Every structure is written in C-alpha cells, then in structure tokens.
Amino acid sequence: DLTINKIAAGEVVERPSSIVKELVENCVDANSSKIIIDIIDGGKKLIKITDNGSGISSSEVDKSFLRHATSKIEKIDDLYDLYSLGFRGEALASISSICKLEMVTKTKDECVGTKVIVEGGKVVSKQPIGANNGTTMIIKDVFYNTPVRQKFLKSTHAETINISDLINKLAIGNPHIQFKYVNNGKAMLNTPGDSKLISVIRSIYGKDVCENLIEIEYECKNFKINGYIGNNNVYRSNKNLQHIYINKRFVKSKVILDAVAEAYKAIIPINKHCVCFLNMELNPASIDVNIHPTKLEIKFENEQELYIELRDFLKQKLLNSKLI
Ligand code: ADP
Ligand code: MG
C-alpha cells in the first residue's frame, strides 16, 4: 500500500542521510567487500551507491520494493538471532515512495543484470542490462513528491556532515569492507578494507589519533569486547571520537559510555571524554535493538552487571598501560 509506505518513510527515512544509511547497510548485509558512495549536494541531487555484493536476481527485484519484503528473516525465531543490519523490510519500499530510484543489479549466477526504475513506489521499467556482480542504486530528487523536501533544500551543509559522519561509522564498523566515498567530486574517504580497525581509524582520523590508542580485548560470560581506547594524550573535550558497536551495529549506549567514563576518571581526574572505538559482541537474545526504526538505541538485559564488568576491565587496562 503506497499510503502506508509514505507514512513509514517519515519514520525510516527522515532525511537524505537516512537514505544513505539504509542503502549502505543493505550493501553490508549483501556481503560486499567494496562499497562506493557518490553524493552531490548533501544527497539532495544525487545519491549513488555501488557494491560488489550478492545482487538481487531478476525474479526477486520487484519483491524487494514491497513493504515488509525482507530476505533477512525466514522464520520468526530468526528475530532473536539477528546479526544483519536490516530486518524490517521497509527501507526500499519507503525510499522508492519518496524518490526517483534507479537500480542495476546482478547476482553471480546470472549472465545479465537487471535495471529497474521505480517511481512513487512502483516499478515503472524493468529490463535486462549488462552489469557487474553486485548492486548500484541511484537516487535522484529526494523527497520530490513530499512537502518535507522544502525543508531540505536549505540544509546541504548539515546533510553533508551527517552523511560523512554516517559513512565514517559504517567504515569503522566494517574494517573488512573497502569504503570509497566521494562528495561533490571530492574524495573524502578510501579505506583499505584490510580487516584492521586501526587502518580505518588512520584513514579517517590520521596518524596522531592512532599513535595514542591502547588496544583492548576481553571476554567474559556476558560479552566479548575488542577495539581501542585513547590514552591520556588523546582525550577530548567533546564526544566526537566515541564509537560503540554492538554486534556490528553502531549504537548509542549511555550505559557503555558511563562505564568508559568511570574507568577513565581513574587516570584523568578532570572531566574529559575518552576516545574509544569499541566492538562488543553479545547474545542477540539479551539485547533489544528494535525500539526505534532507525535502530540506534539499544537495551540490555543485564545492564548493571555489564556496566560493572566493563568499567572494571577498562579501568584495570588503563591503569596497567605503559602508555599512560
Ligand atoms: P531489509 O534490509 O530490512 O531486508 P530493505 O527494504 O532495506 O529491507 O531491502 C529489501 C530487500 O532487498 C533486502 O532484504 C535484500 O534482499 C534486497 N536488497 C536491498 N539492497 C540490496 C543490495 N545492495 N544487495 C543485495 N540485495 C539487496
Ligand atoms: Mg535494509
């Protein structure tokens, strides 16, 4: 139902950067090893995203634009065992209802690819086309048929910042993927895709930040964690360098940031924010990520226990570190 799609679009795709988020997450879910993102005018004029992932077979293409069409949940139990980023099957339906969308896609089992044009949520053209394995999405005229468009005509700068920030986060969360990001023709980011988190941090933040990090790795009953925390040379007065991933998903988590902050207070008595890049793995059954459609916030089952365990580990690590 196209009306429902437009309502859902307001939730899932509130702005150009949320479109970029959904599309790039789909590339990640498709097991891509390389993702190329091309943005013009903060995404309002053009969002072009190419991946070398699984592609969509010609017979499945139409289905992927239907609401609640997701290939990522086979049975309801899967909801509790979910590592893929998308699981609502709403993004493509929502996006295609408010933008002009062109997609070229090919699976490795097909000899030819498929090109579709989708307008107002409807596939208006579909034809075979020569293509590489993977998927290219081209979005033009974002929000062309909705009143919110006016609101975004002014916000190119803000949207560019949002998109860049988002791509950085996705790159940090996926060091095994090469991210190439071009904005208004200017190369912004090119990560090596060598599976090393430190390489991504270097690509984004440079050598100085990298040289002042402490590597951490820890495993206990409730969680596994690895990544880097800053030593006292790289603390910041803002929170821009705090990245937390849970089961590969970038999240906002007050509990985890509090644990980091408390640990950090043991070495820096002043109120500064520690730099941190943390990947945590938890049993998906012990977390709830579906409390908001943009899937940023997360709830834990054993919150207090997790807080104490993480805080004490990080504190010990910081106190023991020779860098400090
Ligand atoms: P979800 O990601 O929640 O499943 P989406 O609306 O984002 O829902 O995508 C619908 C479906 O389209 C996906 O389940 C997937 O099968 C397919 N799809 C979308 N983007 C890609 C892509 N880049 N590569 C391969 N398949 C894709
Ligand atoms: Mg998706």
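These notes cover the structure that comes with them. On a predicted model such as this, the values are computed, not experimentally measured, just so you know. (Residues numbered from 1 in each chain as written. Chains lettered and ligands numbered in written order. Predicted model: local features only at pLDDT ≥ 70, side-chain atom pairs only at ≥ 80, totals over all residues.)

## Comments concerning the overall build of the protein
- Scanning the protein from terminus to terminus reveals 9 helices and 15 strands.
- Counting across all 324 residues of the protein, residues that qualify as buried make up 38%.
- Long-range contacts, defined as pairs at least 24 residues apart, comprise 67% of the intrachain contacts of the protein with a sequence gap of at least 6. (Helix = DSSP H or I, 4+ residues; strand = E, 2+ residues; numbered from the N terminus. Buried ≥ 20, exposed ≤ 12 C-beta atoms within 10 Å, placed from the backbone. Contact = placed C-beta atoms within 7 Å.)

## Some words on the packing of helix H5 (residues 156-173) against helix H6 (residues 197-205)
- Put simply, H5 and H6 touch, their axes get as near as 8 Å, and they point 160 degrees apart. Taken as axis vectors, H5 and H6 run roughly antiparallel relative to one another. The interaxial crossing formed by H5 with H6 has right-handed handedness. Taken together, the residues of H6 that come into contact with H5 (itself represented by Asn168, Ala171 and Ile172) are Leu197, Val200 and Ile204. (Axes fitted to C-alpha atoms, helices over the stretch in contact; angles between N-to-C directions. Parallel < 35°, antiparallel > 145°, perpendicular 65-115°, else oblique. Left-handed = near helix turned anticlockwise from the far one by under 90°.)

## Details of the sheet that holds strand E11 (residues 242-246)
- Spatially, E9-E10-E13-E11-E12 is the arrangement adopted by the 5 strands of the open sheet, whose pairing is mixed. Of all the strands in the sheet, the pair left with one neighbour each is strand E9 (213-219) and strand E12 (249-250).
- Bridge count for E11 against strand E13 (residues 276-281) is 5 bridges, and the pairing is parallel. Its bridge partner being in E13, Ile244 is matched across the sheet by Leu278.
- The sheet contacts of H5 involve E11, E12 and E13, and relative to E11 the element is tilted by about 55 degrees. (Pairing = 2+ DSSP bridges.)

## With respect to the nonpolar core
- Formed by 65 residues in total, the largest nonpolar core has its most connected members in Val24, Ile37, Ile49, Ile95, Ile139, Ile229 and Val260.
- Ranked by residues supplied to this core, first place goes to helix H2 (residues 16-29) with 6 residues.
- Taken domain by domain, the makeup of this core includes at least three residues from each of domain 1 (2-190) and domain 2 (207-320).
- Once residues within four sequence positions are removed from consideration, Ile139 is found in contact with Ile19, Ile47, Ile95, Cys99 and Leu101. (Core = buried A, V, L, I, M, F, W, Y, C linked by C-beta atoms within 7 Å. Domains from an automatic or database assignment.)

## Quick look at unusual backbone geometry
- A positive phi is found at Asp41, a non-glycine position, where the angle reads about 55 degrees.
- Inspection of the secondary structure puts Asp41 in the loop between strand E1 (34-40) and strand E2 (46-51).
- Note on Asp41: 17 C-beta atoms within 10 Å, which makes it partly exposed.
- At Asn247, a position not held by glycine, the phi torsion is positive, near 45 degrees.
- Among the secondary structure elements, Asn247 is positioned in the loop between E11 and E12.

## Observations regarding the environment of Asn133
- With respect to the element layout, Asn133 can be found in the loop between strand E5 (122-129) and strand E6 (134-140).
- Remark: the alpha-carbon pair of Asn133 and Gly55, spanning 78 residues in sequence, is separated by 6.4 Å.
- Residues within four places of Asn133 in sequence aside, it is in contact with Asn52, Gly55, Lys106, Thr107 and Lys108.

## Section: the pairing of E2
- By the bridge criterion, 6 bridges tie E1 to E2 in an arrangement that is antiparallel. Within the sheet, the bridge partner assigned to Ile36 lies in E2 and is Thr50.
- Linking E1 back to E2 in an antiparallel pair, the connection comprises 5 residues, with Asp41 at a positive phi of about 55 degrees.
- For E2 and E6, the ladder comprises 6 bridges, and the chain directions are antiparallel. If you follow Ile47 over to E6, its bridge partner there is Ile139.

## Notes on the pairing of strand E4 (residues 113-119)
- Judged from the 6 bridges that link them, strand E3 (residues 100-106) and E4 form a sheet pairing that is antiparallel. Bridging across to E4, Val104 finds its partner in Lys115.
- Here E3 folds back onto E4 in antiparallel fashion, the turn holding 6 residues.
- Hairpin remark: E4 followed by E5, antiparallel, with 2 residues in the connecting loop; positive phi at Gly120, about 55 degrees.

## Remarks on the environment of Met137
- Along the polypeptide, Met137 turns up in strand E6.
- Counting along the chain gives 47 residues from Met137 to Asn184, while the straight-line C-alpha distance between them is 17 Å.
- Once you skip the residues sitting within four places of it in the chain, Met137 turns out to touch Leu23, Ile49, Leu101 and Met103.

## Brief notes about H5
- End to end, H5 covers 26 Å across 18 residues, agreeing with the expected 26 Å (1.5 Å per residue, within 8%).
- Buried within H5 we find Glu159, Thr160, Ile163, Ser164, Ile167, Asn168, Leu170, Ala171, Ile172 and Gly173. (Expected span 1.5 Å × (residues − 1).)

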